[in-house]
Protein chains: 2
Amino acid sequence: MTYCLGIKIDESIIMLSDSRTSAGVDNISTYSKMWRYSVPGQRQFVLCSAGNLATTQAVIAVLERDIKTKAPVNLLTVVDMHQASEYIGRVSVACQKQNTGGGPVFETTFLLAGEILGASNGLYMIYSQGNFIASSEQVPYLQIGETKYGKPILDRVAQGKMTTDRAVLCGLVSMDATIRSNLTVGPPIEVTVLTAGSLQPGRYLKLEEDNEYMRNLRITWNKLMEEAVGQLQPLVWPIEG
Amino acid sequence: MTYCLGIKIDESIIMLSDSRTSAGVDNISTYSKMWRYSVPGQRQFVLCSAGNLATTQAVIAVLERDIKTKAPVNLLTVVDMHQASEYIGRVSVACQKQNTGGGPVFETTFLLAGEILGASNGLYMIYSQGNFIASSEQVPYLQIGETKYGKPILDRVAQGKMTTDRAVLCGLVSMDATIRSNLTVGPPIEVTVLTAGSLQPGRYLKLEEDNEYMRNLRITWNKLMEEAVGQLQPLVWPIEG
């Protein structure tokens, strides 16, 4: 499995992805699931994927080939994030069919974050069927892959008005909860922040398995959870007969 | 869907269940998913179910009929929790086949907690295939139904040495996370505590949708999560070029 998460707040878009690939429990490997395309001052894209690895690699190859061959529609010609999502969705459907005839095991879902000069920045989820949705103001995040373990913290804390630092922390806690509860999601964790309006490649970090910051974050969060439960009022039971 | 949770700590076993039943989003109803059988001083059982409602009701009817008709094996004759689980698993498989011929949509999974005079108390998960597992010291909880949202808090906090009050709080936070993130799990929440060695029916509460304690718990927990994120060290980025 995989867990990728995008959070769109007023000042930026944060993207996080894990790096574990599994085909059965005895065939586990590490692949990056995050791709960054940048033309500073012009356009920025961050793409994350969850699903079939062959399909994902085929889609990435076509996106890059379309740029090189100057295809009529490619990441350098699309005029807004909506058109970028439409294009990637179309490539994804074609890749699923071309090599395999299609079918659920060959599906891939994408998260796309980015900004193009002259248009709004945006965070989109592109389904394996090629259609797509944008994040909303009410729910400022989108998830793909193993989404459930990391959802409660986002539902409780994530808001469009957060600072970027806080949104990154929400994302890392959500990722850590997933890694802890599910073996098929694992480090390194990749994080990118695209600052709204900057049109720069943004901040990027890869947090490896032995990363000290992540280890401290995990220990601190566990301690805070232990303490938080201790601060709750115990359930008051009816008087026993 | 459903979310039921059992936590076995040194001093007791805590059982929690939601009450939402759905057959499609426009056919939502409320059914208790917790059954309690008690012969004070002799034997105590708490049974929770997740799965097909017709199968569940059939199993409960057979368990009660077997007691009335004094069947050779019934909840009043089994000598330990292992045999109780075996018996319920057998009844479940028979009920799935009898009315339907079997098949995944007719499956039901059970959590069984209890204690019988002369034997150890126990917490078991009975699969739809009739086989079953006990909780372990390392992982002192078992879940059925929509288990993922409520798992991270248990993985971080649940331990066999907890007090009963603390285990109940862990369970309620886990249940609340699930209710908040998933529409198919909903109140009332039922909670039972079976104190180890007491052989009494134990404490029981049904927390309705408008329950003030649960509302306060939710507000307090949200506030504690907001504060906890604020106490984390922000990610340190490499110096930007």
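Before reading further, recall that the structure is shown in the block above.
Everything numeric here is computed off the predicted structure, so don't read it as measured data.

A. Looking closely at the overall build of chain A. The secondary structure content of chain A amounts to 5 helices and 12 strands. For 241 residues, the compact-globule estimate of 2.2 N^0.38 gives 18 Å, and the C-alpha radius of gyration of chain A, at 19 Å, lies within 12% of that figure. Classification of the 241 residues of chain A by burial places 54% in the buried group. Contacts in chain A between residues far apart in sequence, at least 24 positions, make up 62% of those at least 6 positions apart. Working note: accessible area of chain A is about 10700 Å², and carbon and sulfur atoms make up 52% of it. Here chain A carries 21 positive and 23 negative side-chain charges, and the mean point of each set is 4 Å from the other.

B. Representation of the interface of chain B and chain A in the model. Counting from both sides, the interface comprises 48 residues of chain B and, opposite them, 48 residues of chain A. Roughly 4700 Å² is buried in total at the junction of chain B and chain A, and carbon and sulfur atoms are behind 65% of that figure. Linking chain B with chain A are 6 salt bridges, by the criterion used here. Linking Arg-166 of chain B and Glu-226 of chain A is a salt bridge whose minimum nitrogen-to-oxygen distance equals 2.8 Å. Between the two partners, chain B and chain A, sit 18 residue pairs in polar contact (both at pLDDT 80 or more).

C. Geometry of helix α4 (residues 164–181) of chain B. Here α4 of chain B is 18 residues long and its end C-alpha atoms lie 26 Å apart, about the 26 Å a rise of 1.5 Å per residue gives. In terms of burial, α4 of chain B is largely enclosed, as 16 of its 18 residues are buried.

D. Here's a closer look at the sheet that holds strand β2 (residues 12–17) of chain A. All names here are of chain A. Read across the open sheet, the 5 strands follow the order β10-β1-β2-β11-β12; overall the sheet is antiparallel. Looking at which strands have only one partner, the edges of the open sheet turn out to be β10 (141–145) and β12 (203–207). With direction set aside, neighbouring strand axes in the sheet form an average angle of 10°.

E. Up close: unusual backbone geometry. Residue and element names in this part refer to chain A. That bond from Pro-187 to Pro-188 is cis: its omega, -5°, falls within 30 degrees of zero. When you line up the elements, Pro-188 lands in the loop between α4 (164–181) and β11 (189–195). Unlike most non-glycine residues, Leu-199 shows phi in positive territory, near 55°. Relative to the elements of secondary structure, Leu-199 occurs in the loop between β11 and β12. The class of Leu-199 is buried, set by a relative accessible area of 9%.

About the thresholds
Residues numbered from 1 in each chain as written. Chains lettered and ligands numbered in written order. Predicted model: local features only at pLDDT ≥ 70, side-chain atom pairs only at ≥ 80, totals over all residues. Heavy atoms only, no water. Helix = DSSP H or I, 4+ residues; strand = E, 2+ residues; numbered from the N terminus. Rg over C-alpha atoms; globule rule 2.2 N^0.38 Å. Buried < 20%, exposed > 50% of the residue type's maximum accessible area, 1.4 Å probe, protein only. Contact = heavy atoms within 4.5 Å. Areas by Shrake-Rupley, 256 points an atom, 1.4 Å probe, with all protein chains shown as cover. Lys, Arg positive; Asp, Glu negative; His and termini not counted. Charge placed at Lys NZ, Arg CZ, Asp CG, Glu CD. Buried area = accessible area lost by both parts, 1.4 Å probe. Salt bridge = Lys/Arg side-chain N within 4 Å of Asp/Glu carboxyl O. Polar contact = N/O pair within 3.5 Å; in protein donor to acceptor, adjacent residues only side chain to side chain. Expected span 1.5 Å × (residues − 1). Pairing = 2+ DSSP bridges. Axes fitted to C-alpha atoms, helices over the stretch in contact; angles between N-to-C directions.

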